[in-house]
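Per-entry structural report
So the chains spell out like this:
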Amino acid sequence: MVWSDAPSHVCRGGDKRALTFCCPPVKPCPIMIALEEAGLTPQDYIEIKESFAKRTRLGEGQGTCFGSLVWCCKPSKPCPLRDMAMKRINMSTEEYMELKKKLSEELVGTSEPDTESVKALADAFDVTPEEAREALEDAGNDLRTAMKILRMKSL
């Protein structure tokens, strides 16, 4: 898979990298917290996504909820509108995820695990901060995945 450590959706606890899979911020939801963590205003977020859409095939997607694949969710979430749009333009899941990863990097860059998450994992799983940081790095800063990794190691 092109983006093996892709985060869960923001609305399902994914980290700020998952903003790449979010809709426009049109209602109160976890996107607001992720935008704050990323240091983005809703307007910045919209402008970055719209600019990326103009430069890539994620700008295509007539018939999707917001008229562009740039606003669509992860392929693991069933969506016939996204899937039909991708099929219509002959876009593979691999290409889609590669573009979504690049969009995520434009939105939030690539970052180190934050110290709060490292401490919380270390405390919760009774491991050293180094082990917690390593689990977060292996999980691409996705806290849920890091928890799964640490759970598996404790078995």
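Residues numbered from 1 in each chain as written. Predicted model: local features only at pLDDT ≥ 70, side-chain atom pairs only at ≥ 80, totals over all residues. Heavy atoms only, no water.

Per an unreviewed UniProt entry, the chain goes by the name Conserved protein and belongs to Methanothermobacter thermautotrophicus.

Side chains that differ in sign of charge can pair as their charged atoms come close. Following the criterion strictly, the structure yields eight salt bridges and no others. The salt bridge partner of R17 is D15, with a shortest N-O separation of 3.0 Å. We classify D15 as buried; its relative accessible area is 13%. Residue R57 is joined to E95 by a salt bridge in which the shortest nitrogen-to-oxygen separation is 2.8 Å. Of this pair, R57 sits in the loop between α2 (42-55) and α3 (80-88) while E95 sits in helix α4 (residues 93-108), and the two are 38 residues apart along the sequence. Here R57 falls in the partly exposed class, since its relative accessible area comes to 27%. A residue is classified by how much of its surface remains accessible, and E95, at 25% relative accessible area, is partly exposed. Each of D5, D15 and R17 takes part in salt bridges that share partners, so that together they form one network. (Salt bridge = Lys/Arg side-chain N within 4 Å of Asp/Glu carboxyl O. Buried < 20%, exposed > 50% of the residue type's maximum accessible area, 1.4 Å probe, protein only. Helix = DSSP H or I, 4+ residues; strand = E, 2+ residues; numbered from the N terminus.)

An α-helical turn contains 3.6 residues, so a residue and the one three or four places further along point in the same direction. Inspection of helix α5 (residues 115-125) places S117, V118, L121 and A122 among the buried residues, and these make up the whole buried set. Seen along its axis, α5 keeps its buried residues to an arc of 130°; they face one direction. Exposed residues lying more than 90 degrees from the buried face of α5 are T115, E116, K119, D123 and A124. Next to the buried residues of α5 lie α6 (129-138) and α7 (143-154). (Arc of directions from axis to C-beta. Contact = heavy atoms within 4.5 Å.)

The full count for this structure, using the stated rule, is two aromatic pairs. Between Y45 and W71 the ring centres are 5.8 Å apart and the planes differ by 65°, which places this aromatic pair in the edge-to-face class. Of the two residues, Y45 sits in helix α2 while W71 sits in the loop between α2 and α3, which places them 26 residues apart along the sequence. The pair formed by Y45 and W71 is uniform in burial state, with each residue classed as buried. (Phe/Tyr/Trp six-rings, centres within 6.5 Å; stacked < 30°, edge-to-face > 60°.)

A few words on unusual backbone geometry. In this structure, N90 is a non-glycine residue whose phi angle is positive, near 60°. Here N90 lies in the loop between α3 and α4. Residue class for N90 comes out exposed when judged on its relative accessible area of 67%. Backbone geometry places D126, a non-glycine residue, at a positive phi of 50°. Its place among the elements puts D126 in the loop between α5 and α6. On the basis of relative accessible area, D126 is assigned to the exposed category, the value being 71%.

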